[in-house]
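# Inside the fold
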Amino acid sequence: MTTDAGQVPATPLYTITLTGSGVSIDGEPVGVPAGDLPAARLAALAEIRVRAALRGRPVRVTAKEPDGSAWPLVVDPDGRVTTLSVPHPVVPPPVRAGDGSGRSAAPVVPVVPVAPVAPAAPVVPEPAVTWGAPLPAAHQEAWARLLAAHGAGDTTTAIALAERTEAALEAEYGPLHPHTVQVLSARAWLVLGRREDLSATVRLLVRTALRRRRAGAEPRSETAQVAGNAHAAWRSLAATDPRRALELSGPLTDMLEELGWPGHTQDVVRWVEEATPRPTLPEDPASPEGRT
């Protein structure tokens, strides 16, 4: 299957630089024996292949040879390398007013004096809501029905009530409000306990962990439990459905990195490296199609 380069986004654009002393990606050295150019090419392409797999799509690469030549490539998550016949598209930097680009600076708008305005009445801020506080009265009935359904073993109804209540609270208070995050967290626990559709479970747990972190939710130990469950559920998914696990490896590593969990992040990266095939070089290294 041939990759359609026109469908590959212009960014990110990685740069592999080969020299007699080694190889680097965007200036960061890749560990290979000095002087072994074929091994250096393969090592650099293997690293790019992992980055493509984490993004779930092909990525663009410029490979610079020791002789000064440069080759535009596309690397797929499965390790396939495509040499392009045209350069990568250029992404122009944003133009600022008056930056010497030839475009005129933004016009200066004159300040027009206005009559003084009477001071507005002071705004009294609403009292802060503590984490774990009861939901507002308008949502207490739905919450009570949710708890009753869960107590009766009707997890499907409990999840549906949690989802509707969460949507109503988000519309009223916003996604990071303690009430919204509280119900989102409850829904995540309910979905996890049902042990169905691991792919959807991982997505919800990743979303919940990120939402809790960005909202500063308390207790933080619960945020850590949600993140740990997301990794554990993904591991179970990897054992039964590697394709879907590969699709979710990018969002999962983004969440783990944001929470500062390097060990779990490296576990996912290692699995991706083992689950995707090694890149292969074209058979004829002397031809333009075979050089990197």
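Now for a quick tour of the structure. Values in this document were obtained by computation on a predicted structure and should not be read as measured data.

## Details of the pattern of salt bridges
- Throughout the structure, instances matching the rule amount to 12 salt bridges.
- The residue Glu218 makes a salt bridge to Arg220 at a minimum N-O spacing of 3.6 Å.
- For Glu218, a relative accessible area of 40% gives the class partly exposed.
- Given the relative accessible area of 63%, Arg220 is considered exposed.
- One salt bridge connects Arg235 with Asp267, and the closest N-O pair in it is separated by 2.7 Å. Taken together, the residues span a long stretch of sequence, with Arg235 in helix α6 (residues 220-240) and Asp267 in helix α8 (residues 262-275) at a distance of 32 residues.
- Since its relative accessible area comes to 32%, Arg235 is described here as partly exposed.
- Accessibility expressed as a relative area gives 17% for Asp267, which makes it buried.
- Salt bridges linked by common partners bring Glu166, Arg187 and Arg207 together as one network.

## Quick notes on the sheet that holds strand β5 (residues 70-75)
- If you walk across this open sheet you meet the six strands as β3-β2-β1-β4-β5-β6, and the pairing is mixed. The sheet is open, and its two borders are formed by β3 (28-30) and β6 (81-83), each paired with just one other strand. Sheet twist, expressed as the mean angle between neighbouring strand axes with direction ignored, is 30°.
- As paired strands, strand β4 (residues 59-64) and β5 are joined by six bridges and run antiparallel to one another. Looking across to β5, one finds that Arg60 is bridged to Val74.

## A closer look at the packing of helix α7 (residues 242-259) against α8
- α8 packs onto α7 with a crossing angle of 150° between their chain directions and a minimal axis gap of 9 Å. One way to sum up the angle between α7 and α8 is to call them roughly antiparallel. For the element pair α7 and α8, the recorded crossing hand is left-handed. Contact with α7, carried on its side by Pro242, Ala245, Leu246, Ser249, Leu252, Thr253, Leu256 and Glu257, involves His264, Thr265, Val268, Trp271 and Val272 of α8 and no other residues of that element.
- A class-by-class count of the residues in the contact of α7 with α8 yields eight nonpolar, four polar and one charged.

## Focus on the packing of aromatic side chains
- For the structure on display, the rule yields one aromatic pair.
- Between Trp234 and Trp271 the ring centres are 5.1 Å apart and the planes differ by 80°, which places this aromatic pair in the edge-to-face class. With a gap of 37 residues between them, Trp234 in helix α6 and Trp271 in helix α8 connect regions that are remote in the sequence.
- Judged by its relative accessible area of 11%, Trp271 is buried.

## Details of the environment of Gln225
- Relative to the helices and strands, Gln225 resides in helix α6.
- Along the backbone, Gln225 and Ala209 are 16 residues apart, and their C-alpha atoms lie at a distance of 8.6 Å.

Here is what the cut-offs are and how they apply
Residues numbered from 1 in each chain as written. Predicted model: local features only at pLDDT ≥ 70, side-chain atom pairs only at ≥ 80, totals over all residues. Heavy atoms only, no water. Salt bridge = Lys/Arg side-chain N within 4 Å of Asp/Glu carboxyl O. Buried < 20%, exposed > 50% of the residue type's maximum accessible area, 1.4 Å probe, protein only. Helix = DSSP H or I, 4+ residues; strand = E, 2+ residues; numbered from the N terminus. Pairing = 2+ DSSP bridges. Axes fitted to C-alpha atoms, helices over the stretch in contact; angles between N-to-C directions. Parallel < 35°, antiparallel > 145°, perpendicular 65-115°, else oblique. Left-handed = near helix turned anticlockwise from the far one by under 90°. Contact = heavy atoms within 4.5 Å. Nonpolar A, V, L, I, M, F, W, Y, C, P; charged D, E, K, R; others polar. Phe/Tyr/Trp six-rings, centres within 6.5 Å; stacked < 30°, edge-to-face > 60°.

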